[in-house]
Amino acid sequence: MIDWLRQSLQARQWRGDLAVAVSCFDLAAPVAAGSAYYHRTSAAPFLTGLALACVPLVARSRRPVQVVAATTAVNIAQVLVLSYSGSSPVATAVALYSVTMHTGRRTAWRVRAGAMGVLVATSLISRPALENLWEHLSLIAGLGLAVASGDAVRSRRQLLTSALERAERAERTREEEARRRVTEERLRIARELHDVLAHHITLVNAQAGVAHHLMRADPEHAYQALERIRDTSRAALDELRATVGLLRYGDDPAAPHEPAPGLAGLDALLNSFRHSGLALTLERTGQPEELPAVTDMTAYRIIQEALTNTRKHVGPVSAQVQLHYRTDALRIAVEDDGPGSPKARSGNRPATPATAEDPGTGTGHGMIGMHERVRAAGGTLTAGPRPTGGFRIHAELPLRTRRKG
């Protein structure tokens, strides 16, 4: 539709120019004949001059500057020969309008100023008497009206062209924007499902191994491990249901949903890892405060994923979780005493901060998800082996709301 409209505005210009030339002659011919009658002379010279002035208008769209020069020359010849220009300035006015529409602003101003100056000067020189003042003023007014009309139409056409370009650009980028949004949403869903499932399935796997090992030697402890498997599975189903519900209903306030996980549930999270065999310690420093929702959930997911990786790839080792509350940021550190796993934790690479181009240390989906969450919250994250052995994850999340007082 847009291309068709643009083509229709530019197609068959010569037919339009021919129609303008013929119309100009038809409309001005009665005036030229009236001028001849007023001066008690033959109408043939007036009509001939008018025809000669209108003929160049056939090329007004393709050669606007040359058309102005041609019509101006005919006008000057009429004034010098007939001592009166008749109605021929109408063709020059149309030519000035055309040069405004089809050339640059600087060129248009130069051509218009030159043509109007020459015509007015010729008219003043050929008929200097005071009683001819109205003729000179009408010439200036007619040419000035043509120039003003051309400027107005040109501005309107530029607005239309700009609108067409914006529409085309929007049409081109709409599909790209849709693909980008689909990709972002797919990554967000994959990250949420990974964080929900990886943690609980890792715990279920560890507890199942404990139950299998103790089934014959210590049935009572094996039964306790099975109970934890049951509780962990139920918790996984509940959190999965809440996550899927959030993805399904989005921001609908009437949709059923549960609160997003946060540091309020940190103790329960650590206890679940303790039951799976991790020896965990928690250290809080600074003044705890209510965190923004994004920061609260991101902090919880970082700790959850870091401990899940430790339990999955290292086993039952000692680990420490540190939370340091500052007025401008929350610092999180998760360390373990394990040997590290090059496959899951990229221990052969030095620790690097997360950036938009490089997700930093770690090639697993869990590590990538942690970096994506931290970037979304406006923070930084580094991960790598400790000099004394083990693995360390450190994140700093900005606090957009500060403590009052």
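A quick note: this is a predicted structure, and the numbers were derived from the prediction, not measured. (Residues numbered from 1 in each chain as written. Predicted model: local features only at pLDDT ≥ 70, side-chain atom pairs only at ≥ 80, totals over all residues. Heavy atoms only, no water.)

Chemist: Before we move on, could you go through the pattern of salt bridges and cite the residues and values that matter?
Modeler: Within the structure shown, the criterion is met by five salt bridges. A salt bridge links Arg331 to Glu396; the shortest N-O distance between them is 3.1 Å. One end of the pair, Arg331, is in strand 3 (residues 329-336); the other, Glu396, is in strand 6 (residues 391-398), and 65 residues separate them in sequence. In this structure Glu396 comes out as partly exposed when scored by relative accessible area, which is 25%. A salt bridge links Asp337 to Arg386; the shortest N-O distance between them is 3.1 Å. Here the residue Asp337 occupies a position in the loop between strand 3 and helix 11 (342-345), and Arg386 occupies one in the loop between strand 5 (380-385) and strand 6, the gap between them amounting to 49 residues. Taken together, the shared-partner salt bridges in this structure form one network comprising Glu335, Asp337, Arg386 and Arg392. (Salt bridge = Lys/Arg side-chain N within 4 Å of Asp/Glu carboxyl O. Helix = DSSP H or I, 4+ residues; strand = E, 2+ residues; numbered from the N terminus. Buried < 20%, exposed > 50% of the residue type's maximum accessible area, 1.4 Å probe, protein only.)

Chemist: Would you mind going over the nonpolar core in detail, with residue names and values included?
Modeler: The biggest cluster of nonpolar side chains holds 34 residues, and the ones touching the most others in it are Leu263, Ile303, Leu307, Leu330, Ile332, Leu381 and Ile393. Broken down by secondary-structure element, the contributors of at least two residues to this core are helix 9 (266-275), helix 10 (293-313), strand 2 (318-325), strand 3, helix 12 (365-376), strand 5 and strand 6. Not counting residues up to four positions away in its chain, the partners in contact with Ile393 are Ile302, Ala306, Ile332, Ala333, Val334, Met367, Met370, Leu381, Thr382 and Ala383. One finds Ala29, Ala32, Leu50 and Leu96 within the second-largest nonpolar core, a separate group that totals 27 residues. (Core = buried A, V, L, I, M, F, W, Y, C linked by side-chain atoms within 4.5 Å. Contact = heavy atoms within 4.5 Å.)

Chemist: Account for a nonpolar patch on the surface, with residues named and values stated.
Modeler: There is a patch of nonpolar side chains on the surface, built from Leu18, Val22 and Val58 and spanning about 200 Å² of accessible area. By the secondary structure assignment, Leu18 is in helix 2 (residues 13-38). On the basis of relative accessible area, Leu18 is assigned to the partly exposed category, the value being 40%. (Patch = residues over 30% accessible without salt bridge, like charges linked within 9 Å, V, L, I, M, F, W, Y side chains within 5 Å. Areas by Shrake-Rupley, 256 points an atom, 1.4 Å probe, with all protein chains shown as cover.)

Chemist: Tell me about the confidence of the model for the protein, residues and numbers included.
Modeler: Confidence along the protein averages 75 in pLDDT terms, with 79% of residues attaining 70 or more. Note that pLDDT drops below 50 for residues 341-363; the model gives that stretch 53 contacts with residues more than four away or on any other chain. Within the model, the stretch residues 401-405 combines pLDDT values under 50 with nine contacts to residues more than four positions away or in other chains. (pLDDT = per-residue confidence, 0-100.)

Chemist: Explain the packing of helix 9 against helix 10 residue by residue, including any values.
Modeler: Viewed as axis vectors pointing N to C, helix 9 and helix 10 meet at an angle of 5°, and their least axial separation amounts to 11 Å. One finds that helix 9 runs roughly parallel with respect to helix 10. Along its contact with helix 9, which presents Leu266, Leu269, Leu270 and Phe273, the element helix 10 presents Tyr300, Ile303, Gln304, Leu307 and Thr308. Among the residues forming the contact of helix 9 with helix 10, the class breakdown is seven nonpolar, two polar and no charged. (Axes fitted to C-alpha atoms, helices over the stretch in contact; angles between N-to-C directions. Parallel < 35°, antiparallel > 145°, perpendicular 65-115°, else oblique. Nonpolar A, V, L, I, M, F, W, Y, C, P; charged D, E, K, R; others polar.)

Chemist: Got a sec to walk through helix 5 (residues 89-102)? Specific residues and values, please.
Modeler: Between its terminal C-alpha atoms helix 5 stretches 20 Å, which fits the 20 Å expected from 14 residues at 1.5 Å a residue. With ten of 14 residues buried, helix 5 lies mostly within the body of the structure. Listed as buried for helix 5 are Pro89, Ala91, Thr92, Ala93, Ala95, Leu96, Ser98, Val99, Thr100 and Met101. (Expected span 1.5 Å × (residues − 1).)

Chemist: Give me the environment of Ala21: which residues, what numbers.
Modeler: With respect to the helices, strands and loops of the structure, Ala21 is situated in helix 2. Separated by 35 residues in the primary sequence, Ala21 and Pro56 place their C-alpha atoms 7.9 Å from one another.

Chemist: So, the packing of helix 5 against helix 6 (residues 105-126): which residues are in play, and what are the values?
Modeler: Any two packed helices are characterised by the angle at which their axes cross and by the distance between the axes. At their nearest, the axes of helix 5 and helix 6 sit 9 Å apart, and the two run at 165° to each other. Taken together, the axes of helix 5 and helix 6 lie roughly antiparallel to each other. At the point where helix 5 passes helix 6, the crossing takes the left-handed sense. Here Thr92, Leu96, Val99 and Thr100 of helix 5 come into contact with helix 6, specifically with Ala108, Val111, Arg112, Ala115, Met116 and Leu119. Taken together, the residues that form the contact of helix 5 with helix 6 break down as seven nonpolar, two polar and one charged. (Left-handed = near helix turned anticlockwise from the far one by under 90°.)

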